[in-house]
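Summary of structural features
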Amino acid sequence: MNPFTHPKSQFFQTIGIFFVAILMGTTFIACDDDEPQPKPPSHFNNKIMPLGASRVEGARPDFESYRYELWKLLIEGGWEFDFIGTQTDNSDYDDFQASSFDKDHEGRGGWTSGQILDGLEGWLESNGEIDIVLFSSPGGNDILNRLSPYDQTISNINEIIDILQAKNPNVTIIIERLAPGMSSIMTPELTNDFNLMQEEVTKIANEQSTSSSQVITVDMVTGFNDSLLADDVHYNEAGAKFIADRYYEVLKGVLQQ
């Protein structure tokens, strides 16, 4: 799945460090020399880029990304599409309807909005034009690590959208109102930050939508609960299906036949 300006207790600093460790996982350490890997250009309609951090990347068998469940829904719906990204999932997945899972994505465990912003132009150069971006848990790691001011996180998210729209003025961006973490770790401070980000995402979507480029919010909050989590912040299989279902309901209204 922002650093805010209120004072931090020693307890909250400690628990925040724990959250970051969970989000990053044992192998999800951000790497400055993570170079985009060019791939053959896609000739499909509906080129979809899953963008974000560990909730996009996944780490089977420890926790799931929503991508596999969404891919199955799109296959079942008969859509022509292609998941786009310089990253390739190395986990094993069952085939579905005689098709092999499309493992491409732009998810990097533990990355903040600033790190995603820094890498985005290079990824887009490697990926070519993107039709639809699934912007997962915007500012999620920023909320947990509190290493930059809240206003900077919001600026980063807006600039990410600016870059996507500059690359393709007709791009559709689906941005999450991010699902919460386990209730046991949602301290009052974290809950406040979380709620502020939900409001901010709605505001960003309204302000950044243009006549040719929709920025659409998808509600991952309502109905989400602890039973959908594999650990404090990552999805289990049911959670991945929950997130995929929410994306699919929005995608059905924007995909090209």
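Our subject in this report is the structure included herewith. Quantities reported herein were computed from a predicted structural model and do not represent experimental measurements. (Residues numbered from 1 in each chain as written. Predicted model: local features only at pLDDT ≥ 70, side-chain atom pairs only at ≥ 80, totals over all residues. Heavy atoms only, no water.)

1. Quick look at the packing of aromatic side chains
Tallied over the full model, the rule gives eleven aromatic pairs. Between Tyr66 and Tyr247, the ring centres sit 4.9 Å apart and the planes meet at 40°, which makes this aromatic pair tilted. Residue Tyr66 is found in the loop between helix 2 (54-57) and helix 3 (67-76), and its partner Tyr247 is found in helix 8 (residues 237-251); the two are separated by 181 residues along the sequence. For Tyr66, a relative accessible area of 0% puts it in the buried group. Judged by relative accessible area, Tyr247 falls into the buried class, the value being 0%. Geometrically, the ring pair formed by Phe224 and Tyr235 is edge-to-face, given 6.1 Å between the ring centres and 70° between the ring planes. (Phe/Tyr/Trp six-rings, centres within 6.5 Å; stacked < 30°, edge-to-face > 60°. Helix = DSSP H or I, 4+ residues; strand = E, 2+ residues; numbered from the N terminus. Buried < 20%, exposed > 50% of the residue type's maximum accessible area, 1.4 Å probe, protein only.)

2. Re helix 4 (residues 113-127)
Residue pairs three or four apart in sequence face the same way in an α-helix, which turns once every 3.6 residues. A rise of 1.5 Å per residue sets the reference length of helix 4, with its 15 residues, at 21 Å; its end C-alpha atoms lie 19 Å apart and thus fit the reference within 8%. The sharpest bend along helix 4 comes to roughly 40°, located at Leu120. Taken together, the buried positions of helix 4 are occupied by Ser113, Gly114, Ile116, Leu117, Gly119, Leu120, Trp123, Leu124, Ser126 and Asn127. Those residues of helix 4 that are buried lie in contact with strand 1 (47-52), strand 4 (104-107), helix 5 (140-145) and helix 6 (150-167). Backbone geometry just after helix 4 places Gly128 at a positive phi near 80°. (Expected span 1.5 Å × (residues − 1). Bend = angle between axes of the 7 residues up to and from the residue. Contact = heavy atoms within 4.5 Å.)

3. Re the environment of Ala240
You can see Ala240 is positioned in helix 8. Sequence-wise, Ala240 and Ser65 are 175 residues apart; in three dimensions their C-alpha atoms are separated by 5.9 Å. Sequence-distant contacts of Ala240, defined by excluding residues within four places in its chain, comprise Glu64, Ser65, Tyr66, Glu69 and Tyr235.

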